[in-house]
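Spelled out from the first residue to the last, the chains are:
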Amino acid sequence: MQPTLWTISHIVEATDPHYLRMNSLRRLGEAKYRQDILMGDVVGYVLREFRRSVGLLGDTDVGQPYVQYERMGYSAHLALKIAKELPMLYYAAIAILNPGAFTLSTLATLHQSESLLSRMFVEIVFYVQHGGPRLASVQTVYDLEKSVHEMQDGDLAYSPHKQGMSFELKNVSFSYPGTTTKALNDVSLSIKPGQLVVIVGSNGSGKSTIIKLLTRLYDATCGSIFVDGQDIKDYRVADLRKAMASLTQDHHLYPLSLGENIGLGNPARVGDVEMIHAAARLGGVEGVVGKMRDGLGTVLEWPRGLQWNNVGKGNKAVDPELRAAVGNMKKQVAVSGGERRKLVAYPFNFYAFLSSWVFRSRTFMRFTSGAVKLVCVDEPSSNLDPQAEWQLFDNLRRVREGKTSIWTRHGQRIRR
Ligand SMILES: Nc1ncnc2c1ncn2[C@@H]1O[C@H](COP(=O)(O)OP(=O)(O)OP(=O)(O)O)[C@@H](O)[C@H]1O
């Protein structure tokens, strides 16, 4: 029987930087990144970089290693396998169509072939799911591009005034799609250009929902919202998003470099190292960046191009060199456990901490865009100690420079 990667000990490592980059960018199509990507106005950057890495990959085979391993053309190999198994398939068909015609000996033969048959089907399914990763990648990223247009777009260009944005909500009610409960019920309020507004309320009172409507992540179910005196729906969504920065609780680290994670706050200046360092300082993450082995170039995700099988301690037959190689590969992860302990006091929460810091820095980077006229800060201080929280708000106040600012806070915390 021809060996397959399913059954033998092996390590697969993809080292092509363009492939790894393409994979990371493809992942930005996942639902969890969608809000950050859309709000951050970085769709154009993601698509450009994705196309660039696909172009640089050229004709390199990006098929799954399990498929590549079958050196002959996969379909030819599959046909051969099926041809070899035809008698078994014939018996299987008889067993289903006419069970009475079955003898004990044919049952025994079928039993022997069962594992081969099932493996074959698993391989077919695997091939169909992963056989065309590049095609699927492109599809995911292009879906992202389409999603920008899911909301009905206006055709009025939003030209930011010197001052911040102004808002007026008139009798606004809102229910999330698929629910009948009103997250907001008949809300009216107005916010003047450059004003600093703090929305205070208990859990679930609708603070975040107001911000989602103002930043046009959703449209009000009833009532109207005006931006600078014009219905929010009249403006081009992309223009509005360029004029907004939003620091929320639902943020994620992009599977890109630390520098890009911060720099993408202002996609036009994503390569401006000085600006990125300044934003990192304001967001409180500069010390951490300085301690990383690759500084701003550090990619925090587990390398996606790495797979291994059957090399665990339980498998006594594994060549010790192979097992050691896997150990070394695991150490390639950007931040080891020891390093985490050096960086923060609670290493088990490392990614949560880092993600908040980086996201805050990304928001400060967004302030560097002259086009930003609204800054929303939706309870970003939940895991900060009082000193760090004070520092964050002080930094936000200092860089505000007349931009309209809306902050949300829990009612209970304000009363203390
Ligand atoms: N995506 C969603 N789908 C359905 N319901 C939602 C969704 N997001 C929020 N809600 C509901 O809408 C209501 C308002 O939620 P919202 O997050 O705006 O409140 P909040 O004041 O910001 O709360 P918190 O202080 O806990 O963040 C709540 O009842 C909440 O359960």
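Residues numbered from 1 in each chain as written. Predicted model: local features only at pLDDT ≥ 70, side-chain atom pairs only at ≥ 80, totals over all residues. Heavy atoms only, no water.

Q: A description of unusual backbone geometry should follow, citing residues and the corresponding values.
A: Positive phi values are uncommon outside glycine, yet Asp 186 reaches one of about 55°. Along the polypeptide, Asp 186 turns up in strand S3 (residues 184-191). Here Asp 186 falls in the partly exposed class, since its relative accessible area comes to 46%. Here the phi dihedral of Arg 216 falls at roughly 55°; this positive angle occurs in a residue that is not glycine. Among the structural elements, Arg 216 can be located in the loop between helix H8 (207-214) and strand S5 (222-227). Judged by relative accessible area, Arg 216 falls into the buried class, the value being 1%. (Helix = DSSP H or I, 4+ residues; strand = E, 2+ residues; numbered from the N terminus. Buried < 20%, exposed > 50% of the residue type's maximum accessible area, 1.4 Å probe, protein only.)

Q: Kindly report on the sheet that holds strand S9 (residues 374-378), identifying the contributing residues and their values.
A: The pairing of strands in a sheet happens through backbone hydrogen bonds and is either parallel or antiparallel. Spatial strand order, S4-S10-S9-S7: 4 strands in an open sheet with parallel pairing. Strand pairing shows two members of the sheet lacking a second neighbour, strand S4 (196-201) and strand S7 (244-247), which therefore form its edges. The sheet shows a mean angle of 15° between the axes of neighbouring strands, direction not considered. In this structure, S4 lies alongside strand S10 (residues 404-410), joined through 6 bridges in parallel fashion. Each residue of the ladder has a partner; that of Gly 201, found in S10, is His 410. Sheet strands in contact with H8 are S4, S7, S9 and S10, and its direction is about 155° off that of S10. Along the sheet, helix H16 (residues 386-399) makes contact with S9 and S10, crossing S10 at roughly 160°. (Pairing = 2+ DSSP bridges. Axes fitted to C-alpha atoms, helices over the stretch in contact; angles between N-to-C directions. Contact = heavy atoms within 4.5 Å.)

Q: Could you give me a rundown of the side chain of Asn 395, with the residues and numbers involved?
A: Tracing the backbone shows Asn 395 in helix H16. We classify Asn 395 as buried; its relative accessible area is 4%. What Asn 395 contacts, discounting residues up to four positions off in sequence, is Leu 282 and Phe 364.

Q: Break down helix H11 (residues 273-283) for me, with residues and values.
A: Listing the buried residues of H11 in full gives Ile 276, Ala 279, Ala 280 and Gly 283. Here the buried residues of H11 occupy an arc of 105° about the axis, which is enough to place them on one side. Turned more than 90 degrees away from the buried face of H11 sit Glu 274 and Arg 281, all of them exposed. Just downstream of H11, Gly 284 is the residue with a positive phi angle, here 85°. (Arc of directions from axis to C-beta.)

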